[in-house]
2 protein chains.
Amino acid sequence: MADQEPRSRPGGRSARVRRAVLEASAKTIRDHGFEAFAIKDVAAEAGVHETSIYRRWGTREALILDALLDDSAQNVPIPDTGSLRGDLTTLANGLADFLDTPHGRALSLALMTGTGRSVDGIRDYLGRRLSIAGEVVHRAVRRGEVSPTTDPIVVIEALIGPLHFRAFMFHQKPDEAFVDRLVDLIITGTR
Amino acid sequence: MADQEPRSRPGGRSARVRRAVLEASAKTIRDHGFEAFAIKDVAAEAGVHETSIYRRWGTREALILDALLDDSAQNVPIPDTGSLRGDLTTLANGLADFLDTPHGRALSLALMTGTGRSVDGIRDYLGRRLSIAGEVVHRAVRRGEVSPTTDPIVVIEALIGPLHFRAFMFHQKPDEAFVDRLVDLIITGTR
DNA sequence: CGGCAGTCGCAAGTCCGCTGGCGTTAGGGT
DNA sequence: ACCCTAACGCCAGCGGACTTGCGACTGCCG
């Protein structure tokens with residue numbers, strides 16, 4: 001998510017501006033949260049003029065999304081505890097923790113409210129992450145732990161969908177009891 | 001969600017203004033969508049001054065939420081097909097359809113992004129709807145269709161969570177195949 | 001090493017969400 | 001029928017997102 005310039009100047013001023021703005025954005029989100037994210041602050045922090053930001057990203061929303069994706073491109077630790085229950089529980093608790101951070105909330109919210117061209121990038125990004133997470137189901141199938149007809153994507157979505165629902169609709173972190181019951185339901189369901 | 005004034009003038013000018021604004025809001029959302037929702041348009045449509053809207057509702061977001069809740073307070077048909085599979089499938093497809101409409105999307109989005117005092121109202125509203133939907137699980141327990149230890153809320157959230165996830169993260173309506181697989185997983189999981 | 005295109009800085013301006021002050025009106029209680 | 005006050009109309013203004021036009025700069029390419 002970092003460095004694909006359209007064509008002409010791969011290492012020039014553009015790239016420097018882009019990095020400065022992206023890092024200033026991430027810093028701003030971390031420090032002042034997500035609602036208070038103002039373009040002028042980011043511009044000042046990055047030592048770049050406001051106009052340049054608008055020309056490159058167009059909207060506030062697009063910048064936030066790009067900054068968040070750029071900032072969390074390379075951290076999807078896939079658990080391998082030896083059992084599907086362990087893997088799913090670890091995955092779920094990790095996600096619950098993530099959604100409880102300002103950064104996590106902001107990212108998911110930006111993904112959900114994203115419109116326009118960014119949607120394609122979103123779909124790709126999420127599709128990849130889901131496939132990667134589906135690996136734990138594939139392993140369980142190989143171990144003979146679950147039925148071979150099990151659809152990994154459905155299992156993963158059945159797990160993380162309700163977690164998002166809780167986190168956003170009720171504005172509260174899903175507790176461990178809920179995670180356990182949910183994992184129970186899913187595990188039983190895959191046999 | 002319609003008519004409780006704080007105290008003093010239950011049927012007076014206030015009530016008329018409230019109704020006019022709420023209906024103008026609903027109309028605006030239906031006609032011009034949700035992103036283009038501008039207070040000044042609503043004010044003009046309702047024949048009311050902009051300031052009055054801000055004084056009563058405070059923020060654009062609060063008005064949207066109130067208008068949507070007001071507009072969909074009385075339509076939660078709970079299926080009773082005789083089997084848990086039938087009930088859950090009907091429920092899921094109904095929700096998928098709802099989330100595919102501008103109104104449905106807007107409502108869920110408003111619920112998720114809602115902040116401040118409105119959150120309490122949100123929690124109540126959703127809690128009620130979930131309990132009501134949980135009724136289909138209770139019936140299944142009474143029929144001996146599923147284990148008596150089944151938690152209705154978890155089942156309902158396991159169903160509607162992934163549907164929201166698909167609808168918002170991938171910006172696409174969950175197809176029937178997905179619904180069927182999801183219901184399969186949940187039903188198997190409750191035995 | 002000089003030209004040319006792509007970006008950036010800068011200034012001015014629009015639009016909309018939102019606020020505050022002040023005078024006016026309409027409804028309910030007596 | 002009268003008064004009292006909550007709610008409304010109106011105006012003026014602030015801040016931030018977003019736009020546009022223009023001149024200056026930077027770096028790749030011949």
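Residues numbered from 1 in each chain as written. Chains lettered and ligands numbered in written order. Predicted model: local features only at pLDDT ≥ 70, side-chain atom pairs only at ≥ 80, totals over all residues.

Q: If you had to explain helix α5 (residues 84-99) of chain B to someone new, which residues and values would you point to?
A: For α5 of chain B, with 16 residues, the first-to-last C-alpha span of 22 Å sits near the 22 Å given by 1.5 Å per residue. When we look at burial in α5 of chain B, the residues that qualify are Leu84, Asp87, Leu88, Thr89, Leu91, Ala92, Leu95, Ala96 and Leu99 of chain B. (Helix = DSSP H or I, 4+ residues; strand = E, 2+ residues; numbered from the N terminus. Expected span 1.5 Å × (residues − 1). Buried ≥ 20, exposed ≤ 12 C-beta atoms within 10 Å, placed from the backbone.)

Q: Kindly report on the interface of chain A and chain B, identifying the contributing residues and their values.
A: The partner chain B presents 29 residues to the 30 residues of chain A that form the contact. Those elements giving two or more residues to the side of chain A that touches chain B turn out to be α6 (102-113), α7 (118-142), α8 (152-169) and α9 (176-189) of chain A. Counting residues per element, the side of chain A that touches chain B draws most heavily on α8 of chain A, which supplies 11 residues. The residue inventory of the side of chain A that touches chain B, partitioned by class, reads 17 nonpolar, seven polar and six charged. (Contact = placed C-beta atoms within 7 Å. Nonpolar A, V, L, I, M, F, W, Y, C, P; charged D, E, K, R; others polar.)

Q: An account of the domain arrangement of chain A is needed here, citing residue identities and associated values.
A: On domain assignment, one finds that chain A holds domain 1 (12-58) and domain 2 (69-190). Taken together, the contact between domain 1 of chain A and domain 2 of chain A spans six residues of the former and five residues of the latter. (Domains from an automatic or database assignment.)

Q: How would you explain the UniProt feature "DNA-binding region" (unreviewed entry) in chain A if you had to name every residue and give the values?
A: UniProt's entry tags residues 38-57 of chain A with the feature "DNA-binding region" (unreviewed entry), counted in the numbering of this structure. Between the first and last C-alpha atoms of residues 38-57 of chain A the distance is 14 Å; the span itself is 80% helix and 0% strand. (UniProt positions renumbered as here; feature names shortened; annotations may be inferred.)

Q: Account for the relation of the copies chain A and chain B, naming residues and giving values.
A: In the superposition of chain A on chain B (RMSD 0.2 Å, axial shift 0.0 Å), the rotation amounts to 179°. The transformation relating the two chain copies, once decomposed into turn and shift, fits a two-fold axis. For chain A, the residue whose C-alpha comes nearest the rotation axis is Gly189 of chain A, separated from it by 1.8 Å. The share of interface residues of chain A whose copies in chain B are also at the interface is 97%, consistent with both copies meeting through the same surface. (Least-squares fit on C-alpha atoms with pLDDT ≥ 70 in both.)

Q: Describe the environment of Phe168 of chain B, naming the residues involved and giving the relevant values.
A: With respect to the helices and strands, the residue Phe168 of chain B is situated in helix α8 (residues 152-169). Along the primary structure Phe168 of chain B and Leu84 of chain B are separated by 84 residues, whereas in three dimensions their C-alpha atoms are 26 Å apart.

Q: For the packing of α5 of chain B against helix α9 (residues 176-189) of chain B, give the residues involved together with the corresponding values.
A: Relative placement of two packed helices is described by the angle separating their axes and the distance separating the axes. Residues and elements named next belong to chain B. As a packed pair, α5 and α9 sit with axes 10 Å apart at the nearest point and diverge in direction by 140°. By the angle class used here, α5 and α9 are oblique. In this structure, α5 crosses over α9, and the sense of that crossing is right-handed. Along the contact surface, α5 presents Leu84, Arg85, Leu88, Thr89, Ala92, Asn93 and Ala96, while α9 presents Val179, Leu182, Val183, Ile186 and Ile187. Residue classes in the contact of α5 with α9 are distributed as nine nonpolar, two polar and one charged. (Axes fitted to C-alpha atoms, helices over the stretch in contact; angles between N-to-C directions. Parallel < 35°, antiparallel > 145°, perpendicular 65-115°, else oblique. Left-handed = near helix turned anticlockwise from the far one by under 90°.)

Q: I'd like a description of the packing of α9 of chain A against α9 of chain B, backed by residues and values.
A: For the pair α9 of chain A and α9 of chain B, the least separation of the axes is 7 Å and the interaxial angle reads 100°. Relative to α9 of chain B, α9 of chain A is oriented roughly perpendicular. Two secondary-structure elements touch here, α9 of chain A through Leu185, Ile186, Thr188 and Gly189 of chain A and α9 of chain B through Leu185, Ile186, Thr188 and Gly189 of chain B. Residues of the contact of α9 of chain A with α9 of chain B, tallied by class, amount to four nonpolar, four polar and no charged.

Q: Could you give me a rundown of α8 of chain A, with the residues and numbers involved?
A: All names here are of chain A. Helix length check: α8 (18 residues) gives 25 Å between terminal C-alpha atoms against 26 Å at 1.5 Å per residue, within 8%. Burial analysis of α8 places 17 of its 18 residues in the buried class, the great majority of the element. Phi turns positive, to about 50°, at His171, one or two residues after α8.

Q: Account for the environment of Val183 of chain B, naming residues and giving values.
A: All names here are of chain B. Mapping Val183 onto the fold places it in helix α9. In sequence terms Val183 and Ala92 are 91 residues apart; their C-alpha atoms lie 8.5 Å from each other. Not counting the four nearest positions on each side in its chain, Val183 is found in contact with Arg85, Leu88, Thr89 and Ala92.

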